[in-house]
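One-letter residues, chain by chain:
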Amino acid sequence: MKQENTILNKVNENKAVSSSEIADNDFITEVAAENKLAKHAIQVHKFGGSSLATAKCIKRALEIIRENCQLNDIVVVSANGKTTDRLFALYSLVERTIVEHTIQKSDELTQAIDELAKEQAQLITELLNANNTKQLLLRLNKDIEQLTTWLTADIAQHHNDVLALGEVWSARLLSALLNEQVCPSNSIDSRDFLVIDNEHSCVVDTALSAAQLRQRRQFGKLAVITGYISKDSRGKSCTLGRNGSDYSATIIASLVAAGNVTLWTDVDGIYSADPRVVPSARKLHRLPNGVAKELGRLGNPVLHAKTLLPLINPLSEHHTHLHVASSFDAQVIGTEIGKFGQIAKQELSVTYLNDLLLAQSVSFIGEAAAKAKAEFSPICIDNQKGFMVITQGQQKALSDWLASHDVEITFKPVAIIATVGHRVAERGDIRARFKRSLKAAKPLNLVGSDNNHSVIAILPEPCSIELLNTVHHEMTKDARHIGLVVAGMGNIGERFLELLPAQLNKVYALENLHLVGLLSSKKALINNDGIDVTQAASLFAQEAQSYDHEQLISWLTQNPYDELIVVDITPSEDFSLLYEQMFSLGVHVIGANKWAASSSTAHYNNLVNTADSNNSLCLGNTTVGAGLPINYAIDDLRQSGDSISELSGIFSGTLSWLFETYDGSSNFSELLLNALAQGITEPDPREDLSGRDVQRKLLILARKAGFELALEDIDCQNLVPEALQALSTNDFLARASELDEYFATALSEANSKGACIRYVARFQHNQETGVSAKVSLEVLPQSDAFANLTPCDNIFQISSHWYQDNPLIIRGPGAGRDVTAGGLHSDLVKICQQLAHKQSQVKIKGIN
Ligand SMILES: Nc1ncnc2c1ncn2[C@@H]1O[C@H](COP(=O)(O)OP(=O)(O)O)[C@@H](O)[C@H]1O
Ligand SMILES: N[C@@H](CC(=O)OP(=O)(O)O)C(=O)O
């Protein structure tokens, strides 16, 4: 959540404090003029009770504000921890005392008030300096006196005034602390500006509330506003319902046209089920508005039922983003709620509500049902069978309403469990799966919601944790979004993309894979909603934008997928230097790029450890032998318990072609230029002739086989004489004939013995002598396995404990567009197969 150019810790340097009544735009402009770092769109940050529960939590919230807020932003707070629960408890205690006339209950009341006061006083003393502590304690004492009067003398009148105290204390404390440590701040009691019609419908008087809020905000001070409370048009305190501070935050955001609302809580996003009781719950990175609204309606505690209402105004041009993030782990990317494309629309989640009532009446049948629905907004209604599901709190009002129509009604206690997702009620497969998963619970009915974003099962018994887990497992077991980024839009990259659509259609393991990024060295096309694979190359050509590595890492850090795979088809050492950051972000890498796997021992070991400790997978079968399964074979032998003692072969397609073809009938240099013209060599053929590429490949395989060695441990014969090594490419090509004599001599000497010349890589491990490795031109008998290859083919020979006398040989095309792109697809399928088996358990700072 950290943003680059905000940050209140700079504010103290250029604070300008003057109170005035100004329009929001003026407000913003003036703040911007004073504070060079000010953004123009206001952000609202709401801290829930769990984020303000203890002094430690409040300090954490303070740091989040320091890092993420500017003076023109707004902070909305809930009561500290469970203060609202405690205030409710006081109220219930008083009610019982009145009913039962018991003396000891009033002692109990005094004790409960004392405890509450002590808790608040402790937060104040622990957090504030002496002067502020004194002032806030004085105000707290006054409030406690007032509270005691309300509770003992006039409880009926002051129910909501009592409940409001939690938010008032919390805002006052945070604001004082901000003043001391971060920036000028003032606390605002939302009852001084927020006007609703009544607690039942909570419709906001927008014009009046916005105007009054404008008057309350003070220029140059960060406003800390109480959540949860408001007043009605007669000036009476109201609440917005339990957990209503989220709703306060979005109302306030709509009043000031904020750009963003962040709900800071104890969980780092919205999960596919309650993560406290469903260990396999998945984070939903992006939730479409309608689905989020439905989740809130059906009991998700992070999203109060009304939270989204102020933000989804079809008439408004203004769009406010909503995020859910963890105040315990502010760097973790949370859930974003908004308008998203197909990938986000595939998410499914499961939610439940206990303690409900199934109300049955003829008034809920046919057209008459519309009236009941409009009046009571039930959780669900079936106007064919004549029932609706309501909360227990609605029972009396519904009975009264029907009595006035002279109609009978029956109530039955029920619970609901629902699967929620974009238009799920229209999907027969999801309904069927949901029904199957509920078999043991014997649901009374299954009902689709009006907006089709949920299927609701009505249960005769409360929903158990076991049932929740079973249903969740069934609904989400194959849910996983894997993002694919392809880096390198060259020859092989192009072919890889050409093959991708068919692969996605036919390979089951790729079911949840979405192409989301295409990168060349300078340009990038990133689309979180997916890039059409059938038009990938042309979309890249038309839409890619310039980027740098910092931007790429920042996107990778925030990517909204369960897993992300980067396929590196670049030859770039620079790009390979990003692997470590990628691994530390849990990103998986498929590399055709040889740099990382053949880098220094320290760097390589570090990469392997970083990947391991972050559960990042890394495959690079195509770094050696293109699509030939050499890396897999070595891995397989090692993992099966075999030990490899020798690795040898011809690892370069170019050198294979040159020496298989070179028979002395023409000069070596003519052959070389011919190979260059056919694209068989690198643009500068010295890259092939130097043997470096073969040396790197041997290093990669030896490391795969379990040996720790470095490039310098492998002797490398450079076939380019020293005199030609430092020339420009053109000068080298012009003087290529200087190579001829050396090769002509080598060939004729070999031929005279009935032998041939080949450029061979050899690695040996011997218990006594240790490791020896080299790549060089060798004289081989014509009968040697390495002597009779189809030009361009590679050959790999492995001797091991199991393959001692008769080595294992893998042979075939070791380069080429199709086989390399195919090898990369093979790696991709392997990673996706492994990811399908990956079980992740939720671990959330704050709630675990
Ligand atoms: N599907 C879900 N996704 C995320 N959190 C959930 C879900 N269901 C239940 N929770 C729980 O809801 C709690 C958030 O409750 P809330 O009252 O909004 O917190 P706050 O005190 O921050 O306002 C978290 O502790 C979380 O464990
Ligand atoms: N304090 C109120 C309002 C609220 O929204 O709290 P929280 O953000 O902790 O859920 C309540 O407990 O209902």
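Here the structure is a predicted model, which is why all the values come from computation and not from measurement. (Residues numbered from 1 in each chain as written. Chains lettered and ligands numbered in written order. Predicted model: local features only at pLDDT ≥ 70, side-chain atom pairs only at ≥ 80, totals over all residues. Heavy atoms only, no water.)

1. Focus: the domain arrangement of the chain
Inference 1: For the chain, the assigned domains are domain 1 (8–266), domain 2 (344–476), domain 3 (482–626 + 828–836) and domain 4 (630–815).
Inference 2: Taking only C-alpha atoms, the centre of domain 1 and the centre of domain 3 are 46 Å apart. (Domains from an automatic or database assignment.)

2. Here we look at the nonpolar core
Inference 1: Core analysis: the largest hydrophobic core is formed by 79 residues, its most contacted members being Ile417 and Leu438.
Inference 2: Both domains that furnish three or more residues to this core are identified here as domain 1 (8–266) and domain 2 (344–476).
Inference 3: In this structure, Leu438 is in contact with Ile417, Pro443, Leu446, Ala457, Leu459, Leu467 and Val471, ignoring residues within four places of it in sequence. (Core = buried A, V, L, I, M, F, W, Y, C linked by side-chain atoms within 4.5 Å. Buried < 20%, exposed > 50% of the residue type's maximum accessible area, 1.4 Å probe, protein only. Contact = heavy atoms within 4.5 Å.)

3. Description of the site of ligand 2
Inference 1: In the vicinity of ligand 2, the contacting residues are Lys46, Gly48, Gly49, Ser78, Ala79, Thr84, Glu167, Tyr228, Arg242, Asn243, Gly244 and Ser245.
Inference 2: Between ligand 2 and Glu167, the relevant distance is 2.7 Å, taken from a nitrogen atom to a side-chain nitrogen or oxygen of the residue.
Inference 3: Note that an oxygen atom of ligand 2 is positioned 2.7 Å from one of the side-chain N or O atoms of Arg242.
Inference 4: With the chains in place, 88% of the 340 Å² that ligand 2 exposes on its own is no longer accessible.
Inference 5: A class-by-class count of the residues in the shell around ligand 2 yields two nonpolar, seven polar and three charged. (Near = heavy atom within 4 Å. Polar contact = N/O pair within 3.5 Å; in protein donor to acceptor, adjacent residues only side chain to side chain. Areas by Shrake-Rupley, 256 points an atom, 1.4 Å probe, with all protein chains shown as cover. Nonpolar A, V, L, I, M, F, W, Y, C, P; charged D, E, K, R; others polar.)

4. Some remarks on the side chain of Arg480
Inference 1: Note on placement: Arg480 falls in the loop between helix H14 (465–476) and strand E20 (482–487).
Inference 2: Buried Arg480, no salt bridge; nearest opposite-charge side chain is Glu563, N-O distance 4.4 Å. (Helix = DSSP H or I, 4+ residues; strand = E, 2+ residues; numbered from the N terminus. Lys, Arg positive; Asp, Glu negative; His and termini not counted. Salt bridge = Lys/Arg side-chain N within 4 Å of Asp/Glu carboxyl O.)

5. Overview of the site of ligand 1
Inference 1: Ligand 1 sits among 19 residues. The nearest are Ser50, Thr265, Asp266, Tyr271 and Asn300.
Inference 2: Between an oxygen atom of ligand 1 and a main-chain N or O atom of Ser50, the distance comes to 2.9 Å.
Inference 3: Between an oxygen atom of ligand 1 and a side-chain N or O atom of Thr265, the distance comes to 2.6 Å.
Inference 4: Protein chains bury 90% of the 570 Å² of accessible surface belonging to ligand 1 in isolation.
Inference 5: Residue composition of the shell around ligand 1, grouped by class: eight nonpolar, seven polar and four charged.

6. Considerations on helix H20 (residues 601–613)
Inference 1: For H20, built from 13 residues, the straight-helix expectation of 18 Å at 1.5 Å per residue is met to within 8% by its first-to-last C-alpha distance of 18 Å.
Inference 2: Among all positions of H20, only Thr601, Leu607, Thr610 and Ala611 are buried.
Inference 3: Against helix H19 (579–584) and helix H25 (692–704) lie the buried residues of H20.
Inference 4: A positive phi of about 55° marks Asn615, the residue just after H20. (Expected span 1.5 Å × (residues − 1).)

7. Observations concerning helix H28 (residues 740–752)
Inference 1: In this model, H28 (13 residues) spans 18 Å end to end at C-alpha, consistent with the 18 Å of a helix rising 1.5 Å per residue.
Inference 2: Turning to H28, its buried residues are Asp740, Phe743, Ala746, Leu747 and Ala750. Along the axis of H28, the buried residues cluster in a sector spanning 140°; they form a single face. Away from its buried face by more than 90 degrees, H28 exposes Glu741 and Ser752.
Inference 3: Tucked into the core, H28 has its buried residues touching helix H22 (653–661), helix H23 (668–677), strand E29 (755–766) and strand E30 (770–781).
Inference 4: Of the residues flanking the end of H28, it is Gly754, one or two places downstream, whose phi is positive at about 75°. (Arc of directions from axis to C-beta.)

8. Some points on the pairing of strand E24 (residues 563–568)
Inference 1: E24 sits mainly inside the fold: six of its six residues count as buried.
Inference 2: Side chains Glu563, Ile565 and Val567 project from E24 onto one buried face, and the interleaved Leu564, Val566 and Asp568 project onto a second face that is buried too.
Inference 3: Summarising the sheet, E20 and E24 pair through six bridges and their orientation is parallel. Residue pairing across strands places Ile482 opposite Glu563, the latter belonging to E24. (Pairing = 2+ DSSP bridges.)

9. A look at unusual backbone geometry
Inference 1: For Ala257, which is not glycine, the phi dihedral falls at a positive 50°.
Inference 2: Inspection of the secondary structure assignment puts Ala257 in the loop between helix H8 (245–255) and strand E8 (260–265).
Inference 3: Even without glycine at this site, Ala626 takes up a positive phi of about 45°.
Inference 4: The residue Ala626 is located in the loop between strand E26 (618–619) and helix H21 (630–639) in this model.

10. Topic: the sheet that holds strand E27 (residues 644–650)
Inference 1: Read across the sheet, six strands follow the order E28-E30-E29-E27-E31-E32 without closing on themselves; strand pairing throughout is mixed. The sheet is open, and its two edges are formed by strand E28 (715–716) and strand E32 (808–813), each paired on a single side.
Inference 2: Inspection of the sheet shows E29 paired to E30 by 12 bridges, in the antiparallel sense. Across the sheet, the residue bridging to Phe763 is Ala773, located in E30.
Inference 3: Set on the sheet, H21 makes contact with E27, strand E31 (793–800) and E32; between it and E31 the angle comes to about 10°.
Inference 4: Sheet strands in contact with H25 are E27, E28, E29, E30 and E31, and its direction is about 30° off that of E29. (Axes fitted to C-alpha atoms, helices over the stretch in contact; angles between N-to-C directions.)

11. Let's talk about the packing of aromatic side chains
Inference 1: Counted according to the given criterion, the structure contains 10 aromatic pairs.
Inference 2: Lying across the ring of Tyr604, Arg703 places its NZ or CZ 4.3 Å from the centre. (Phe/Tyr/Trp six-rings, centres within 6.5 Å; stacked < 30°, edge-to-face > 60°. Lys NZ or Arg CZ within 6 Å of the ring centre and 35° of its normal.)

12. What about the pattern of salt bridges?
Inference 1: This structure, assessed with the given rule, holds 32 salt bridges.
Inference 2: In this structure, Arg686 and Asp684 form a salt bridge, with 2.7 Å as the shortest nitrogen-oxygen distance.
Inference 3: Asp684 gets classed as buried once you look at its relative accessible area, which sits at 13%.
Inference 4: The partner of Lys697 in a salt bridge is Asp693, and the shortest N-O contact between them spans 3.1 Å. A residue pair is termed a helical-turn pair when its members lie 3 or 4 positions apart in one helix, as Lys697 and Asp693 do in helix H25 at four residues.
Inference 5: What you see here is one network of salt bridges that share partners, running through Glu494, Arg495, Glu498, Arg817 and Asp818.

13. So, the side chain of Asp246
Inference 1: Secondary-structure assignment places Asp246 in helix H8.
Inference 2: Given a relative accessible area of 5%, Asp246 falls into the buried group.
Inference 3: Each residue touching Asp246, except ones within four places of it in the same chain, is listed here: Lys46, Leu263, Val302, His304 and Thr307.

14. Description of the environment of Phe387
Inference 1: In this fold, Phe387 is placed in strand E16 (residues 387–391).
Inference 2: When its relative accessible area of 2% is taken as the criterion, Phe387 is described as buried.
Inference 3: Counting along the chain gives 153 residues from Phe387 to Arg234, while the straight-line C-alpha distance between them is 37 Å.

15. As for the environment of Leu353
Inference 1: Note on placement: Leu353 falls in strand E14 (residues 349–360).
Inference 2: When its relative accessible area of 21% is taken as the criterion, Leu353 is described as partly exposed.
Inference 3: When the C-alpha atoms of Leu353 and Ala415 are compared, they prove to be 5.7 Å apart, with 62 residues separating the residues in sequence.
Inference 4: Excluding residues that lie within four positions of it along the chain, Leu353 makes contacts with Arg297, Leu298, Gly299, Ile379, Ala415 and Ile416.

16. Some thoughts on the UniProt feature "domain: Aspartate/homoserine dehydrogenase NAD-binding" (unreviewed entry) in the chain
Inference 1: The feature "domain: Aspartate/homoserine dehydrogenase NAD-binding" (unreviewed entry), as annotated in UniProt, sits at residues 488–615 in this numbering.
Inference 2: This span, residues 488–615, is 45% helix and 18% strand, and a straight line between its end C-alpha atoms measures 25 Å. (UniProt positions renumbered as here; feature names shortened; annotations may be inferred.)

17. A word on the packing of helix H13 (residues 428–437) against H14
Inference 1: In the contact formed by H13 and H14, the axes pass within 9 Å of each other and the chain directions differ by 150°. The pairing of H13 with H14 is recorded here as roughly antiparallel in orientation. The two elements H13 and H14 cross, and the hand of that crossing is right-handed. The segment H13 lies against H14, with Ile430, Arg433, Phe434, Arg436 and Ser437 engaging Leu467, Thr470, Val471, Glu474 and Met475.
Inference 2: Of the residues contributing to the contact of H13 with H14, the split by class is five nonpolar, two polar and three charged. (Parallel < 35°, antiparallel > 145°, perpendicular 65-115°, else oblique. Left-handed = near helix turned anticlockwise from the far one by under 90°.)

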